[in-house]
Amino acid sequence: MTTRLRKGLTGNTTAFDDPVSEYAEKALSDDINQNKTIIEQAFQRCSDLVCRIIRNQDQVDKPKLLIAYLGTLADEPKVREQIVIPLSTDQRERFAVETEAYEDESMPAAKKVVTSKWAEIIRLILRGYAAVFTDGEDRAVCFAVGGMLKRSIDEPASEPVIRGSREGFIERLPVNVGLLRHYIRTPRLKMEAFAIGDLTETKVLVAYIDGLADDSVVDQLRKKIASIQIDGILETGALEELIVDDPFPIFPLVLATERPDAVAGSLLEGRVAVLVDNTPFVLVVPVTFWTGLQASEDYNLRYPVATFTRWIRFIFLFIAIFAPSFFVAVTSFHQEMIPTSLLLSIASAREPVPFPVMIEALLMEIMFEALREAGVRLPKTIGQTVSIVGGLVIGQAAVQAGLISTPIVIVVSTTGIAALLIPRFTYANGVRLLRFPIILLAGSLGLYGIALGFMGILLYVVHLKSFGVPYFTPIAPFSLRAVKDVWTRAPRKNGRGLSAPSRESGVKAQLQDGGGE
Amino acid sequence: MKWGITIGMLLVLLINTGCWDREEINDIGLVMGTGLDLADNGQIKATIQIAVPAPSSQTSGGASKETEKFFLISAVGKNGIDLDQKLQQKMSRTLFFSHRSVILIGEDMARKGLNDILDTFSRNPRNRLKTYVLVVKGMKAEDLLRVEYPYELAPSEGLKEMELLLGEGTVVTLRDFFIASASEGLYPTTGVLEPALIRKSGKKGNEKLFRINGTAIFKSSKLVGFLNNTETHQYLWFKKNKRTDKIVADLPGGKGNVGFILTSGKFKIKTVAASDPLKFHVGLKANGNMFENNSSLDVTDSNNLEIIKKALENRIKQDMDAFLRKIQTQYKTDIVGFGQQLQRDNPKKWRTVAKQWDRHFADAEISVTVNLSIQNTGAIGPSLQLKDKEIVK
């Protein structure tokens, strides 16, 4: 979309040209005025470019230093205290020394880069550096003076817990890395940096624990990320689509989470995390189907409780997919299955309804999804209106008007609740989507259709692979030791690592069995 | 494009092959019960009871008039399919037999024989073999279906629930009937319904209701006779392991009477080998609680308890003897399954008597022993109203 727009505006036909490529070959001149012209040319019509010139007191006409930075990215007090003041008061022409021999003797700035390439200078300026040019010098010193625009660390909105950390990732990558480092204090926690997007230059980090993570997974990730050619990515969603090759992704093959503790746990289990700048979501690979049914809080609760909760989720996963279709199938094909008195009360409720039960179910499901979607996008101030209107319209008025029957209201609302029980919302979305084809199957073929649909889902799910790991691990292929973390939340034992269950879950073993692609 | 064609073809498959037996709940007429009577021309008159799903109270809003809970339609026909067709012609909804809970057979019809109609009940997959079969005595099956039963939505449901109260009557499903009918040395029975009067509150006069009373005995799908209530209770010893029964016995010497509730009972039939006439021995074993003691006996005393026990055992033995005598001499029909037992115990002997089993059965000598154990007599010993000196210790 952006690519096409850009093409239209500039007439530029190459899709992904390097925006600073025209400067790539240019070297710095030692004439400070010439440098100034070039930099102003590069940042043409960028109103936030700041060029400050420091002159010698005795030679007013001849500029001594040029400081160039973007006012919107750089922190003005930092520029003044760390660059302007030291440089303008220094008698020993310290800047020159800096660029030459004594690179260790640092200015107060936190980070600096010495370079003579225009392309690099421009990139650095765009990252919040201030470039300092010296007259008679063909190299520039760039100091990191970027201020960080960030919000405070809040509780993650999409994954709240009762017992567990209240910290969530925020939109700034360094903060997120810091949060992770707070959890895992070992140099074995590696962070490999990439920049994706020709225009956005988005920072992407691949984080893993050396020795725990599977090398082939890390390798695959590296290759895939390096091969991405795009003008920009704004969120992990784009990256997810680019690194996963599933033509029809109903279930997510990566886990997106806002919780540092979840990511830290995954890293300890030998998974690999992908952090992207400007988003609080972090991707974790590889994942299995069961990841979607495991909340991070499970590991903070006592194991019988957590196991019970997991079983409730299993049951409601089935309800979320099959409840409306089962109702449709049974009431329109297999009435003999319903206990007589229940059948009579369903028949009474349906007596005034003009539609076939399948249409009724589809109607209500779509209405429910519409309400849900409206609820997500809703400004908080009118939230109540929608819930009242939705509740009244769907719950009561529609039944009284004879448009739908009460049993279908019960079925649809149960289904709605069931989908909310799935802790990872990306999985829940897939489940919600599957409901509709299954209703159609149930409405045309009855329970046989449901059985067909179930087989279809099962076939689809077992064929998936997340970075070489079969999606249904450890059920298929089966691994008794790892299945403990699926069917139950296995109690912890002293002396056994957190990483033990999942690493044996075949993340490694299965790969050696030829699962690796 | 390829995908488009694939999906299109799948859709065609779904639409053209699916839905063929789809039927909305509101397009089926729920048959709750069937009554079979003998028509005047000798054919079968079938009456079916169809439930009317009452519109839910929410939709009608306000004063809902009392709607009929069910209605009846009848047709006269030659056999099951004929009847089905004629009944369907009177209905706007497809007749749906899967929820039928009872099949009532009028006495006339039962005496004539059920062979013309039984097959369709087992061959048509929409019929349940769990349907209860009952013979209606003293009234037409059609009239009994017309009775409005106060509890359940349809009287057939009430009948079903009545049947489920095990121990109060003979409970026979189609399946049991077929099994007994096809077995060697065993004859089928069904429960019997009789009209009974009841006074409903707020209404003048008596209304007809029904009660389960007795057992009907069939021989080659023809009704041959009835057992009364007491005999039925004896018969039930052999139906399954006895679940419950209430036994009243007079104590010897006019000392009063006791009431006993049986909680479990077992029977055992022993065949005495190669005797002529055949000899059988019936052993009955039961547990239960004494719930009534209208005598001055203190039941905490084991001697007194022994007296009560003897009285109860005698009572059961007498009734059992009477029952066995009746089926042996009056009906000559082995509904208990002595023949079946003989076949198991002594197949050789069975083969010699099988052809004339009815005669052999009528001549057989059957002895009965009863072994009762009273497990609980309540927390009080003698009755509370008795003075100390009146109590027999």
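What you see is a predicted model; the values in this text were computed from it and never measured.

(A) Quick look at the interface of chain A and chain B. Contacts between the two partners involve 27 residues from chain A and, on the opposite side, 28 residues from chain B. When chain A packs against chain B, the two sides together hide about 2,400 Å² of surface, and 59% of this comes from carbon and sulfur. One salt bridge connects E351(A) with R93(B), and the closest N-O pair in it is separated by 2.6 Å. At the boundary of chain A with chain B, the tally comes to twelve residue pairs in polar contact (both at pLDDT 80 or more). At the level of elements, helix 10 (303-332), helix 11 (340-350), helix 13 (383-400) and helix 15 (425-445) of chain A are the ones that each hand at least two residues to the side of chain A that touches chain B. Top element by residues in the side of chain A that touches chain B is helix 11 of chain A. It accounts for eight residues.

(B) The arrangement of the domain arrangement of chain A in detail. Residues and elements named next belong to chain A. As assigned here, chain A comprises domain 1 (2-144), domain 2 (173-285) and domain 3 (303-428). Taking the mean C-alpha position of each, domain 2 and domain 3 sit 37 Å from one another. Carbon and sulfur atoms make up 68% of the surface buried where domain 2 meets domain 3, a total of about 520 Å² over both sides. Where domain 2 packs against domain 3, one counts zero salt bridges. On the surface where domain 2 and domain 3 come into contact, there are zero residue pairs in polar contact (both at pLDDT 80 or more).

(C) A look at the domain arrangement of chain B. All names here are of chain B. Taken domain by domain, chain B comprises domain 1 (24-54 + 66-227) and domain 2 (236-393). For domain 1 versus domain 2, the distance between C-alpha centres works out to 33 Å. Between domain 1 and domain 2, the residue contacts involve 21 residues of the former and 22 residues of the latter. In this structure, the connection of domain 1 to domain 2 is made through one salt bridge. One salt bridge connects D358 with K219, and the closest N-O pair in it is separated by 3.2 Å. At the junction of domain 1 and domain 2, the tally comes to six residue pairs in polar contact (both at pLDDT 80 or more). Elements with a contribution of two residues or more to the side of domain 1 that touches domain 2: strand 8 (207-219) and strand 9 (222-227). Looking at the side of domain 1 that touches domain 2, the element that brings in the most residues is strand 9, giving four residues.

(D) Local environment of the sheet that holds strand 10 (residues 282-285) of chain A. Residue and element names in this part refer to chain A. Ordered in space as 6-7-9-10-8, the five strands form an open sheet in which the pairing is antiparallel. If you trace the sheet from one side to the other, it starts and ends with strand 6 (189-196) and strand 8 (255-257), each paired once. Looking at each pair of strands side by side, their axes are set apart by 25 degrees on average, direction ignored.

(E) Region of the structure containing helix 8 (residues 174-182) of chain B. For helix 8 of chain B, the complete set of buried residues consists of L174(B), F177(B) and A180(B). Projected down its long axis, helix 8 of chain B shows its buried positions confined to an angular sector of 135 degrees, all on one face.

(F) Representation of the pattern of salt bridges within the structure. Residues and elements named next belong to chain A. For the coordinates displayed, the defined rule picks out 40 salt bridges over all chains. E159 serves as the salt-bridge partner of R424, at 3.2 Å between the closest nitrogen and oxygen. Here E159 lies in the loop between strand 5 (140-144) and helix 6 (173-183) and R424 lies in the loop between helix 14 (406-420) and helix 15, a separation of 265 residues in the sequence. E159 shares its class with R424; the two are buried.

(G) Empty space enclosed by the protein, seen in detail. Residue and element names in this part refer to chain B. If you walk through the whole model with that rule in mind, you get six cavities of 30 Å³ or more. In this structure, the largest cavity spans a volume of roughly 180 Å³. If you go around the largest cavity, you meet 16 residues; those closest to its centre are G80, D84, F97, R100 and F121. Mapped onto the lining of the largest cavity, the elements with two or more residues apiece are strand 1 (28-38), strand 2 (44-51), helix 3 (80-88) and helix 5 (118-123).

(H) Up close: a positive patch on the surface. Residue and element names in this part refer to chain B. A surface patch of positive charge is lined by K266, K268, K270 and K285. Here the positive patch gets three residues from one element, more than from any other, and that element is strand 11 (residues 256-272). Checked against the element boundaries, K285 lands in strand 12 (residues 279-295). Taking relative accessible area as the criterion, K285 reaches 52% and is therefore assigned exposed.

(I) Up close: the nonpolar core. L239(A) and F251(A) are the most contacted members of the largest nonpolar core, which totals 73 residues. Two domains each donate at least three residues to this core, and these are domain 2 (173-285) and domain 3 (303-428) of chain A. Each residue touching L239(A), except ones within four places of it in the same chain, is listed here: I196(A), V204(A), I228(A), I233(A), V274(A), V276(A) and L283(A). Judged by nonpolar contacts, the second largest core, of 44 residues, contains F260(B), L278(B), V299(B) and L312(B).

(J) Looking closely at the sheet that holds strand 10 (residues 245-250) of chain B. Residue and element names in this part refer to chain B. The strand order across the open sheet built from four strands is 10-11-12-13, with neighbouring strands paired in mixed fashion. Only two strands of the sheet have a single partner each, and these edge strands are strand 10 and strand 13 (365-376). With strand direction ignored, the average angle separating the axes of adjacent strands in the sheet is 40 degrees. Strand direction decides the pairing type here: strand 11 and strand 12, joined by 16 bridges, are antiparallel. Directly across from V258, in strand 12, lies its bridge partner N293. Sitting on the sheet, helix 10 (residues 302-331) is in contact with strand 10, strand 11, strand 12 and strand 13, with an inclination near 145 degrees to strand 13. Seen against the sheet, helix 11 (residues 338-345) touches strand 11, strand 12 and strand 13 and runs at an angle of roughly 40 degrees to strand 11.

What counts, and at which threshold
- Residues numbered from 1 in each chain as written.
- Chains lettered and ligands numbered in written order.
- Predicted model: local features only at pLDDT ≥ 70, side-chain atom pairs only at ≥ 80, totals over all residues.
- Heavy atoms only, no water.
- Contact = heavy atoms within 4.5 Å.
- Buried area = accessible area lost by both parts, 1.4 Å probe.
- Salt bridge = Lys/Arg side-chain N within 4 Å of Asp/Glu carboxyl O.
- Polar contact = N/O pair within 3.5 Å; in protein donor to acceptor, adjacent residues only side chain to side chain.
- Helix = DSSP H or I, 4+ residues; strand = E, 2+ residues; numbered from the N terminus.
- Domains from an automatic or database assignment.
- Pairing = 2+ DSSP bridges.
- Axes fitted to C-alpha atoms, helices over the stretch in contact; angles between N-to-C directions.
- Buried < 20%, exposed > 50% of the residue type's maximum accessible area, 1.4 Å probe, protein only.
- Arc of directions from axis to C-beta.
- 1 Å grid on protein atoms, 1.4 Å probe; cavity = no way out; pocket = protein on both sides within 12 Å on 5 of 7 lines; lining within 4 Å.
- Points joined across faces, edges and corners; volume = space filled by probe spheres on them.
- Patch = residues over 30% accessible without salt bridge, like charges linked within 9 Å, V, L, I, M, F, W, Y side chains within 5 Å.
- Areas by Shrake-Rupley, 256 points an atom, 1.4 Å probe, with all protein chains shown as cover.
- Lys, Arg positive; Asp, Glu negative; His and termini not counted.
- Charge placed at Lys NZ, Arg CZ, Asp CG, Glu CD.
- Core = buried A, V, L, I, M, F, W, Y, C linked by side-chain atoms within 4.5 Å.

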